[in-house]
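Commentary on secondary and tertiary structure
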Amino acid sequence: MGDKTKEHPGAAGRATAADHPASVRNVVLVGHSGAGKTTLVEALALTAGAVNRAGRVEDGGTVSDYDDIEHRQQRSVQLSLVPVEWNGIKINILDTPGYADFVGELRAGLRAADAALFVVSASDGVDGSTRMVWEECAAVGMPRAIVVTHLEAARADFEEMTRVCAEALGGDDPDAVLPLYLPLHGPQGPDGHAPVTGLVGLLTQKLFDYSSGERKESEPGPDQLPDMDEARNRLIEGIISESEDETLMDRYLGGEQIDLKTLIEDLERAVARGTFFPVLAAAPAADGARQGLGTVELLELVTGGFPTPFEHPTPGVTTVDGRPREIKPCDTDGPLVAEVVKTASDPYVGRVSLVRVFSGTLRPDETVHVSGHGLADRGHEDHDVDEKIGALSTPFGKQQRPVTHVIAGDLACVAKLGRAETGDTLSGKDDPLLMEPWEMPDPLLPLAIEAHSKADEDKLSQGLARLVAEDPTMRLEQNQDTHQVVLWCLGEAHADVALERLRSRYGVQVDVVPHKVSLRETFAGKSAGRGRHVKQSGGHGQFAICEIEVEPLPGGSGIEFVDKVVGGAVPRQFIPSVEKGIRAQAVKGVAAGYQLVDVRVTLLDGKAHSVDSSDAAFQTAGALALREAAADAKIHLLEPVAEVSVLVGDDYVGAVMSDLSGRRGRVLGTEQTSGGRTLVKAEVPEFEIGRYAVDLRSLSHGTARFSRSYARHEPMPPQIAEKIREQAKEAS
């Protein structure tokens, strides 16, 4: 694995449609922002012959970062697919953003892939978010390998970084995270830094020199072998401990030399099973070079050690009415089951869907069933429709290269699926099926927006619908209480990209406005009011008088209306009119313009006129009575309180609890969980957690997650309520 010399087996510029799942590898690149994932994709594409020259992120010339937003920000903001070919194997490389705001794109990449390459910068190490994704992969048994980049940095130390990776990612078995190669250093420069010029294979004990721009194999000198012995012995023991041959360790400890072929086969099997995690080094090719450091070894690992789609279990499949359906993994002749892992809009082609086929074979111009369920709370209505597939193509950056079919295990783009959204299932129209959705993070940062002009207002709803269809980590809310359009995002960068796409892709200019919280009003104690609506100026007049009593009720009771009129003081036909007027006024509020809740209104008495009383007159009188009762009473402003659960590393528990207390929160308790984390539960006013998604990330260095749910409304502190009332008066 990686110790074989090949003469540039890449397939330059060709978009091949795989003919058998065994000739496909689906690999996702994972790592924090700036680790070098996109640069690594360029280096692999160059070595495989898919490009003639590697692009640079700084110049906006990379294959996978082709969006204008990515060019301006010089970082990935979306999932992209770059297929290359090596040794007759099609490798679908899925490049994912490293910034936490775009974790939805990462989860889509994990869903589409069969193995993961964790890219770690030698100068930055392993961050908390990388650890969390590693644990997610471990939970589902996904095979993983580690690639150390930025070896050219002055502080770079491959051996030290390997040790850090073993401690951070190895869990209970650090010997499962070991290097397959050690770096070779050239002469020291004036700054004292010795550049890495090649690698030495610990199993084959061969040198691979990249200093000429292409890999050249040679034998190590006698002075180099002793430096390898300790690392080589540890690697062999690590491989043998994962071997299915239980006699191998005894034979090795007894002094027997284990055959190299046996070691490589056991290594490949252990990697494919997800029980051994090799560490490799890689660097981009120098100007004019054909192969970057370690790229050949990495491609050999992917083709030889990573599993085929046959070894990837199919996610749960049901019929659209919920009955489980057994699907044979990667059966090209089986029922069609494919999933949309990414949706994008092309100004010339329209909607383009990136799909992973799990069963069957997808062909152009056939009619498929599109099923989407379970995301109605995020603005994605459940849907089951039949649609005709347009052209099939393999993406290569912004290019789309036509293919004739897509077999189980492969990925491709489908054009003109008008109703398909990210996460939807494609299946046969006569055998509709539904795949269980993958876990998506909840968007918890609210962004209230308004159309900039009347022309923008006409296009806003369609633009937002398209935006949410592309990205299931966004949630669109039309708040009925505040009358705001709110786009819920994962963070500020996520929100910025959403606004930019609305403007540049859909031609909608919007203004960001302060997000409003849904407040309520209630009476603090009993009060009485008299509503008198009398107008007599000749002809048919208006006459209605009613007397009411208002008293508070427990939270969640709403408005309760009680009729205690005796003697017909208010005619029976007008009592519903009084109630209607009171309820209408309650919706408008009685103090600061917020809805009145949790009170009992009792109609005690009133007066009517045989000619001038009417439904409208008693509605008005009821509203006036409620306002008069409020004028003589203390009115509480109620704010929504959220139940907040924060999962955070033990090192940051104190800081999180202190921060929650500073937000007027009440910490309800803590609960120890696995992996050195603590679950902190609290109740916090929603006023105080509008930006908590951003603040918590900063507080915990990206290692914490939180969820929130509405608990109840409760009275605001008097000083804050008074400010709200003053603002309401100024606004009116």
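Residues numbered from 1 in each chain as written. Predicted model: local features only at pLDDT ≥ 70, side-chain atom pairs only at ≥ 80, totals over all residues. Heavy atoms only, no water.

Let us now look at the confidence of the model for the protein. In this model, the protein carries an average pLDDT of 89, and 96% of its residues clear a pLDDT of 70 or more. Contacts from residues 2-12, a stretch scored under 50 in pLDDT, to residues over four places away or in other chains number 39 contacts. (pLDDT = per-residue confidence, 0-100. Contact = heavy atoms within 4.5 Å.)

A separate point is the packing of aromatic side chains. This model, assessed by the stated rule, comprises six aromatic pairs. Seen from their ring centres, Tyr181 and Phe208 are 6.3 Å apart, and the 75° between their planes marks the pair as edge-to-face. Of this pair, Tyr181 sits in strand 7 (residues 181-185) while Phe208 sits in strand 9 (residues 207-209), placing them 27 residues apart in sequence. On the numbers, 5.0 Å between centres and 15° between planes, the contact of Phe574 with Phe618 is stacked. With Phe574 in the loop between strand 31 (559-563) and helix 12 (575-588) and Phe618 in helix 13 (residues 615-631), the pair connects residues that are 44 residues apart, well separated along the chain. The two residues Phe574 and Phe618 agree in class, both being buried. Put simply, the rings of Phe118, Trp134 and Phe277 pair up and form one aromatic cluster. The aromatic ring of Trp134 is capped on one face by Arg144, whose charged end is 4.6 Å from the ring centroid. (Phe/Tyr/Trp six-rings, centres within 6.5 Å; stacked < 30°, edge-to-face > 60°. Helix = DSSP H or I, 4+ residues; strand = E, 2+ residues; numbered from the N terminus. Buried < 20%, exposed > 50% of the residue type's maximum accessible area, 1.4 Å probe, protein only. Lys NZ or Arg CZ within 6 Å of the ring centre and 35° of its normal.)

Two quantities define a packed helix pair, namely the angle between the helix axes and the distance between the axes. Their axes nearest at 7 Å, the elements helix 12 and helix 13 cross at an angle of 50°. With respect to their mutual orientation, helix 12 and helix 13 come out oblique. Crossing angle aside, the handedness with which helix 12 passes helix 13 is right-handed. Where helix 12 approaches helix 13, its residues Ser577, Val578, Lys580, Gly581, Ile582, Gln585 and Ala586 are matched on the opposing element by Asp615, Phe618, Gln619, Gly622, Ala623, Leu626 and Arg627. Residues that form the contact of helix 12 with helix 13 fall into these classes: six nonpolar, five polar and three charged. (Axes fitted to C-alpha atoms, helices over the stretch in contact; angles between N-to-C directions. Parallel < 35°, antiparallel > 145°, perpendicular 65-115°, else oblique. Left-handed = near helix turned anticlockwise from the far one by under 90°. Nonpolar A, V, L, I, M, F, W, Y, C, P; charged D, E, K, R; others polar.)

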